[in-house]
Amino acid sequence: MRHPTECVVTAYPDGPYLVRGAHHVVDAEGNEIEVTRPVVALCRCGLSGQKPWCDSTHKLIRFRDPVRHRRRESD
Ligand code: FES
């Protein structure tokens, strides 16, 4: 069972990082952004037009998680 103040980050397959339980996010410039939703998606492909948030661009570019696919190729 998770602690009520715990923040959990999950890598969505070939998509963003899903962050559950965050109260704020700090962007690359050091700006603190308040999080008001229970789950937010952070861009992992690097091409979102709304960084740090995912805007689904990863689907258009068919982003593939290099670690996940490297693991599959070596199996
Ligand atoms: S991971 Fe969704 S736009 Fe980058």
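Here goes a summary of the coordinates provided. Fair warning: this is a prediction, and the values are worked out from it, not measured in the lab.

### Overview of the nonpolar core
Side chains that are nonpolar tend, in soluble globular proteins, to be buried together.
(1) Moving on: Listed in full, the six residues of the largest apolar core are Val19, Ala22, Val25, Val35, Val40 and Leu42.
(2) Moving on: In contact with Val25, not counting residues within four places along its chain, are Asn31, Glu32, Ile33, Val35, Leu42, Pro52 and Trp53.

### As for empty space enclosed by the protein
(1) Moving on: Scanning all chains against the criterion turns up one cavity of 30 Å³ or more.
(2) Moving on: There is about 40 Å³ of room inside the largest cavity.
(3) Moving on: Taken together, Pro16, Cys43, Arg44, Cys45, Ser48, Cys54, Asp55, Ser56, Thr57 and His58 make up the full set of residues lining the largest cavity.

### Focus: the pattern of salt bridges
(1) Moving on: Across all of its chains, the model carries two salt bridges by this definition.
(2) Moving on: Residues Asp14 and Arg68 are paired through a salt bridge, measuring 3.1 Å at the closest nitrogen-oxygen approach. Here Asp14, found in the loop between β1 (8-11) and β2 (17-20), pairs with Arg68, found in helix α2 (residues 66-74); they are 54 residues apart in sequence, far enough to count as distant.
(3) Moving on: A residue is classified by how much of its surface remains accessible, and Arg68, at 23% relative accessible area, is partly exposed.

### Brief notes about the environment of Cys54
(1) Moving on: Checked against the element boundaries, Cys54 lands in the loop between β5 (39-42) and α1 (57-60).
(2) Moving on: Taking the C-alpha atoms as reference points, Cys54 and Val40, 14 residues apart in sequence, are found 8.6 Å from one another.

### Some details on the sheet that holds β1
Remark on secondary structure: sheet strands pair via backbone hydrogen bonds, oriented parallel or antiparallel.
(1) Moving on: On the basis of which strands lie adjacent, the open sheet formed by three strands has the order β1-β2-β5 and antiparallel pairing. The sheet is open, and its two edges are formed by β1 and β5, each paired on a single side. Sheet twist, expressed as the mean angle between neighbouring strand axes with direction ignored, is 25°.
(2) Moving on: Alignment of β2 against β5, held across four bridges, turns out to be antiparallel.

The rules behind each value
Residues numbered from 1 in each chain as written. Predicted model: local features only at pLDDT ≥ 70, side-chain atom pairs only at ≥ 80, totals over all residues. Heavy atoms only, no water. Core = buried A, V, L, I, M, F, W, Y, C linked by side-chain atoms within 4.5 Å. Buried < 20%, exposed > 50% of the residue type's maximum accessible area, 1.4 Å probe, protein only. Contact = heavy atoms within 4.5 Å. 1 Å grid on protein atoms, 1.4 Å probe; cavity = no way out; pocket = protein on both sides within 12 Å on 5 of 7 lines; lining within 4 Å. Points joined across faces, edges and corners; volume = space filled by probe spheres on them. Salt bridge = Lys/Arg side-chain N within 4 Å of Asp/Glu carboxyl O. Helix = DSSP H or I, 4+ residues; strand = E, 2+ residues; numbered from the N terminus. Pairing = 2+ DSSP bridges. Axes fitted to C-alpha atoms, helices over the stretch in contact; angles between N-to-C directions.

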